[in-house]
Amino acid sequence: MDRRKTICISIFLLFLLPSVLFASFSFAFDSWEGHPRILSGLVPTGLRAGTVVKGVPLFPEWDTSILLLGKAGYHERMLWQDPVTGMVRTTNPVIYDYLSFDWTLGVQQSIGAEQKHNLFLGYRGSFEYGLDSMIVGDTLSTGAVQSLSSYLAAGNIYYGPLTMFGTSLGVSYRYDALDDLLSTLDGYRLSTVLWFGPKLLNSNASYTLVEAELLGAKTLASVRENDDRNLYSIVVVDRLSASAAFGTTISLPVQQDSSLGSKVRGFGTFEYLADMSIANQLDLRFNGPESFTKGIFPHFICFYDIGYGFGNAYNTEVAASDFLSSVGVRVSFSLLEYFDIGYQMAYLLSGTSRTQPTNVMVGELVGRITF
């Protein structure tokens, strides 16, 4: 297995070599993630960043770039499937921490002088190391937090090793006709991605993941100062997303990215785990004045989410059919395009938050950092 991995990576690097030799470099920040027990997840405990190498274009005015990203992090998972049967639980989830490392190497090719069409072909490797939760012994609304050995004492057929290596190959297409001026947003963006994680290249995975997203936005009203600072604006944004995961062993990182629970606000990532799902998020955004300088302003968001999961629970033959819906508000503050922090309240119209089973109103601090 290791020899075949080495051959694949070597061929890929050889293909990239001509572009690297005649290239310019720039910093790239992809994403960050927190730990929910450390300041409600608002402090980054994991960061994915790297560099973009702009190489020799294949065609005039068509940018060709090489993307090199790496991540290191310390995070928590709360898993709601029984480790032996795969049946979805409503209480006593498996809660554990893990060290996460991953690395991405890929080629991004724009098509056309306007750079609206983009193709990506890449490879991602990962390593995770499972650890006991930092709150072992505490009692939550979902039950007492145990050590991993206690959670898995009856067996671990479903999850397999929580310490694992992973490898996936991906291809994506994006059409970007979105005009984003921070306080106003107009146009649309379409993206699709296919990730393939063959058993041949993985220690505990064998899957194919297909994802698609369509985002559209329209500025309904905008009033600006003489120096072009925003006085107020109203923007409607609609985001439709869908995913389907196929395979005998769909890894936990893939489930985390594609689950229905991750698509509808107010619900936990691993709470609703059908292997196919579709969801729509509708926002009405009221952006406040840019009092000091452009890009720094408060905003108030009203949202309505709806989603449906179907197929089977991941890695099982257990039928899954879930309908989730929520409506809510979010008050936050934006600092340029780099930082956004606020508080969100979601009223659950359909479905239950398993971490707060007696509440129909779920509140949480939310944050975002981008570069």
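Residues numbered from 1 in each chain as written. Predicted model: local features only at pLDDT ≥ 70, side-chain atom pairs only at ≥ 80, totals over all residues. Heavy atoms only, no water.

**A short note on the overall build of the chain**
So, step 1. Broken down by element type, the chain carries three helices and 16 strands.
So, step 2. In the chain, which comprises 371 residues, the proportion classed as buried is 44%.
So, step 3. As presented, the chain carries roughly 18100 Å² of accessible surface, and 64% of it is formed by carbon and sulfur atoms. (Helix = DSSP H or I, 4+ residues; strand = E, 2+ residues; numbered from the N terminus. Buried < 20%, exposed > 50% of the residue type's maximum accessible area, 1.4 Å probe, protein only. Areas by Shrake-Rupley, 256 points an atom, 1.4 Å probe, with all protein chains shown as cover.)

**Points about the pattern of salt bridges**
So, step 1. As enumerated under the stated definition, the model contains 14 salt bridges in all.
So, step 2. Note that aspartate 102 and arginine 48 form a salt bridge whose closest N and O atoms lie 2.5 Å from each other. Highlighted residues: aspartate 102 in strand E4 (residues 94–111) and arginine 48 in strand E2 (residues 44–54), separated in sequence by 54 residues. The two residues aspartate 102 and arginine 48 agree in class, both being buried.
So, step 3. Through salt bridges that share partners, Arg265, Asp283, Arg285 and Asp305 make up one connected network. (Salt bridge = Lys/Arg side-chain N within 4 Å of Asp/Glu carboxyl O.)

**Focus on the pairing of strand E8 (residues 164–180)**
So, step 1. Examined bridge by bridge, strand E5 (residues 117–132) and E8 share 12 bridges and lie antiparallel to one another. Note that in E8 the partner of phenylalanine 127 across the bridge is phenylalanine 165.
So, step 2. As defined by bridge partners, E8 adjoins strand E9 (residues 185–197) across 12 bridges and the pair is classed as antiparallel. Bridge assignment links aspartate 179 to a residue of E9, and that residue is aspartate 186.
So, step 3. Adjacent in sequence and paired antiparallel, E8 and E9 are bridged by four residues, among which leucine 182 carries a positive phi angle near 70 degrees. (Pairing = 2+ DSSP bridges.)

**Comments concerning the nonpolar core**
The tendency in soluble globular proteins is for nonpolar side chains to be buried as a group.
So, step 1. Counting 26 residues, the largest nonpolar core has Leu79, Val94, Tyr96, Tyr159 and Leu252 as the members making the most contacts within it.
So, step 2. Among the elements of the structure, strand E3 (64–79), E4, helix H2 (148–151), E9, strand E10 (206–224) and helix H3 (252–258) are those that each provide at least two residues to this core.
So, step 3. Looking at this core element by element, the count peaks at four residues for E4.
So, step 4. In this structure leucine 79 touches Pro93, Val94, Tyr96, Tyr159, Leu252 and Phe270, once residues within four positions along its chain are discounted.
So, step 5. Val264, Phe267, Ala279 and Leu348 belong to the second largest nonpolar core, which has eight residues in total. (Core = buried A, V, L, I, M, F, W, Y, C linked by side-chain atoms within 4.5 Å. Contact = heavy atoms within 4.5 Å.)

**Focus on the environment of leucine 260**
So, step 1. Note on placement: leucine 260 falls in the loop between H3 and strand E12 (274–287).
So, step 2. Residues leucine 260 and alanine 279, 19 residues apart in the sequence, show an inter-C-alpha distance of 7.6 Å.

**A closer look at the environment of aspartate 257**
So, step 1. Mapped onto the elements, aspartate 257 comes out in helix H3.
So, step 2. Spatially, the C-alpha atoms of aspartate 257 and phenylalanine 270 are 9.7 Å apart, while their sequence positions differ by 13 residues.
So, step 3. Among all residues touching aspartate 257, those that are not within four sequence positions of it are Glu211 and Ser262.

**Regarding the confidence of the model for the chain**
So, step 1. Mean pLDDT over the chain works out to 87, with 90% of the residues at or above the 70 mark.
So, step 2. In the predicted structure, residues 11–23 sits below a pLDDT of 50 and forms 19 contacts with residues beyond four places in sequence or in another chain. (pLDDT = per-residue confidence, 0-100.)

**A word on the packing of aromatic side chains**
One pair of aromatic rings is described through two measures. These are the centre distance and the angle between the planes.
So, step 1. Enumeration according to the criterion identifies seven aromatic pairs in this entry.
So, step 2. Plain terms: the ring middles of tyrosine 96 and tyrosine 98 are 6.1 Å apart, the flat faces sit at 45 degrees to each other, and that makes the pair tilted.
So, step 3. What makes tyrosine 98 buried here is its relative accessible area of 2%.
So, step 4. Geometrically, the ring pair formed by phenylalanine 127 and phenylalanine 165 is tilted, given 4.6 Å between the ring centres and 40 degrees between the ring planes. Of the two residues, phenylalanine 127 sits in strand E5 while phenylalanine 165 sits in strand E8, which places them 38 residues apart along the sequence. (Phe/Tyr/Trp six-rings, centres within 6.5 Å; stacked < 30°, edge-to-face > 60°.)

**Side note on the side chain of arginine 330**
So, step 1. Following the sequence through the fold, arginine 330 ends up in strand E14 (residues 319–335).
So, step 2. Using a relative accessible area of 18% as the deciding quantity, one classes arginine 330 as buried.
So, step 3. What arginine 330 contacts, discounting residues up to four positions off in sequence, is His299, Phe300, Ile301, Asp340, Tyr343, Gln344 and Val366.

**Let's talk about unusual backbone geometry**
So, step 1. Phi is positive for serine 40, close to 55 degrees, though the residue is something other than glycine.
So, step 2. Residue placement: serine 40 occurs in the loop between strand E1 (24–34) and E2.
So, step 3. Not every positive phi belongs to a glycine, and leucine 182 is a case in point at roughly 70 degrees.
So, step 4. Counting through the fold element by element, leucine 182 comes out in the loop between E8 and E9.
So, step 5. The partly exposed category is assigned to leucine 182, whose relative accessible area is 31%.

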